[in-house]
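# Analysis of the macromolecular model
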Amino acid sequence: MPKRRKVGNLLALAVLSALAQRPMHPYEIATALRAWGKDQDMEFKWGSFYTVIGNLDKHHLIEAVESLREGRRPERTVYRITDAGRAELVDWARELVSTPMAEHPRFRAGLSVLAALHPDEATRLLRQRLDLLEAAIRQDRETLDAHLREIPRLFLVESEYDLAMRDAEVAWLRALLAELTSGSYPGLGAWRAFHETGEMPAELTELAEKTHTPKASPDTPPTNTAEASTDSTG
């Protein structure tokens, strides 16, 4: 289970990582995070930026060191990371790197309702996704290679991860498309028949009835042998 944190917004993690480099005022922090592409590495909302800064200060993870005024610009408070903030940054990084967490990508949501599409349309759309992914991978690999000539690999490891995940998705998509186009995908005939006749094939009706039968969760084992047998055979 992830640890409950005093400031759990991932934007807080990004702010701490920036202030670990040197003290900055909020505008400098935001500029640095954008320049480093942190808004691409993690999902956060810029609208909560100053709220996150205030909460980090409130919980003594950062602290104000001075206020600056340049010309007619509003006064800006410079913050630095505290010892507690540095410990939080390290602990949070350890958790994120070591502990797998359930994530819900949009593509997975789409796959979960793939049966709503005619198999021919699903095949066309999956091929379209594959083409777009391959183009993006080529561009990203060129960009990464260029960056590696100037930036240490340690600071680009998340980009390597992105490419590896996309490569894996491409390999999986190619295998799925091969089954769909060859006709070897299990249940393809029933899937096609449903869309072309409007009638649910018997095997799909039976499956739907089975999946509507409540099952015990992993944390709630069956109370008797008969239930256990039914649950295990599904």
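The rules behind these values
All residue numbers refer to positions counted from 1 along the written sequence of the respective chain. In keeping with the model being predicted, local features are shown solely for residues with a pLDDT of at least 70 and side-chain atom pairs are shown and tallied solely at 80 or more, while totals for entire chains, interfaces and linings include all residues. Here the side-chain values reflect all heavy atoms present in the structure, with hydrogen atoms and water set aside. Each axis is a line fitted through C-alpha atoms, taken for helices only over the stretch in contact, and angles between the N-to-C directions span 0 to 180 degrees. In this text, helices come from DSSP runs of H or I with a minimum length of four residues, and strands from runs of E with a minimum of two, each type numbered from the N-terminal end. Should an angle fall under 35 degrees it is called roughly parallel, over 145 degrees roughly antiparallel, and 65 to 115 degrees roughly perpendicular, with every other angle called oblique. When checking whether two residues touch, look at their non-hydrogen atoms; a contact exists if any pair is within 4.5 Å. Only Asp, Glu, Lys and Arg are considered charged, only Ala, Val, Leu, Ile, Met, Phe, Trp, Tyr, Cys and Pro nonpolar, and every remaining residue, Gly among them, polar. Every case where a carboxyl oxygen of Asp or Glu lies within 4 Å of a side-chain nitrogen of Lys or Arg is listed as a salt bridge. Accessibility here uses a 1.4 Å probe with only protein chains present; expressed as a share of the type maximum, an area under 20% marks a residue as buried, one over 50% as exposed, and anything in between as partly exposed. The arc in question is formed by the directions pointing from the helix axis toward the C-beta atoms. Here, nonpolar core refers to any group of buried Ala, Val, Leu, Ile, Met, Phe, Trp, Tyr and Cys residues whose side-chain atoms link them within 4.5 Å. pLDDT measures the predictor's confidence residue by residue and takes values from 0 up to 100. Aromatic rings from Phe, Tyr and Trp, with only the six-membered ring used for Trp, were paired whenever their centres fell within 6.5 Å, and each pair was classed as stacked if the ring planes differed by under 30 degrees, edge-to-face if by over 60, and tilted otherwise.

Let us now look at the packing of helix 7 (residues 119-148) against helix 9 (residues 188-197). It is at 9 Å that the axes of helix 7 and helix 9 come closest, and there the two elements cross at 110 degrees. By the angle between their directions, the pair helix 7 and helix 9 is classed as roughly perpendicular. Here Pro119, Asp120 and Ala122 of helix 7 come into contact with helix 9, specifically with Leu188, Trp191, Arg192 and His195. Of the residues that constitute the contact of helix 7 with helix 9, the class distribution is four nonpolar, one polar and two charged.

This part takes up the pattern of salt bridges. Scanning the entire structure with this criterion turns up 14 salt bridges. One salt bridge in this structure joins Arg153 and Glu160, with 2.5 Å as the shortest N-O distance. Where salt bridges share partners, they join Lys3, Arg5, Glu88, Asp91 and Glu95 into one cluster.

The next point concerns helix 4 (residues 49-58). What helix 4 keeps buried is the set Phe49, Val52, Ile53 and Leu56. Buried residues of helix 4, viewed axially, fall in a sector of 100 degrees; they line one side. Away from its buried face, by an angle of more than 90 degrees, helix 4 presents the exposed residues Tyr50 and Lys58. The elements touched by buried residues of helix 4 are helix 1 (10-19), helix 2 (26-35), strand 1 (62-68) and strand 2 (76-81). Looking at the residues trailing helix 4, positive phi occurs at His60, about 60 degrees.

Let us now look at the nonpolar core. If you look at the biggest cluster of nonpolar residues, it comprises 26 residues, and the most contacted ones within it are Val15, Leu19, Ile29 and Leu56. Where this core is concerned, the elements lending two or more residues are helix 1, helix 2, helix 4, strand 2 and helix 5 (83-98). Top contributing element to this core by residue count: helix 1, with eight residues. If we skip the residues at most four places from it in the chain, Leu56 touches Val7, Ala12, Val15, Leu16, Leu61 and Ile62.

Bringing the confidence of the model for the chain into the picture now. Residues at a pLDDT of 70 or more form 86% of the chain, whose mean pLDDT is 85. Between residues 220-234, whose pLDDT stays under 50, and residues either more than four places distant or in other chains, the model counts eight contacts.

Moving on to the packing of aromatic side chains. Scanning all chains against the criterion turns up three aromatic pairs. Ring geometry for Phe49 and Tyr50: centres 5.3 Å apart, planes at 85 degrees, overall edge-to-face. Taking the centre distance of 6.4 Å and the plane angle of 80 degrees together, the rings of Phe107 and Trp172 count as edge-to-face. Of this pair, Phe107 sits in helix 6 (residues 106-112) while Trp172 sits in helix 8 (residues 157-182); the two residues are 65 residues apart in sequence, bridging distant segments of the chain. According to the relative accessible area criterion, Trp172 is partly exposed, its value standing at 42%.

Bringing the side chain of His25 into the picture now. Its place among the elements puts His25 in the loop between helix 1 and helix 2. Excluding residues within four positions of it along the chain, His25 makes contact with Arg76, Thr77 and Val78.

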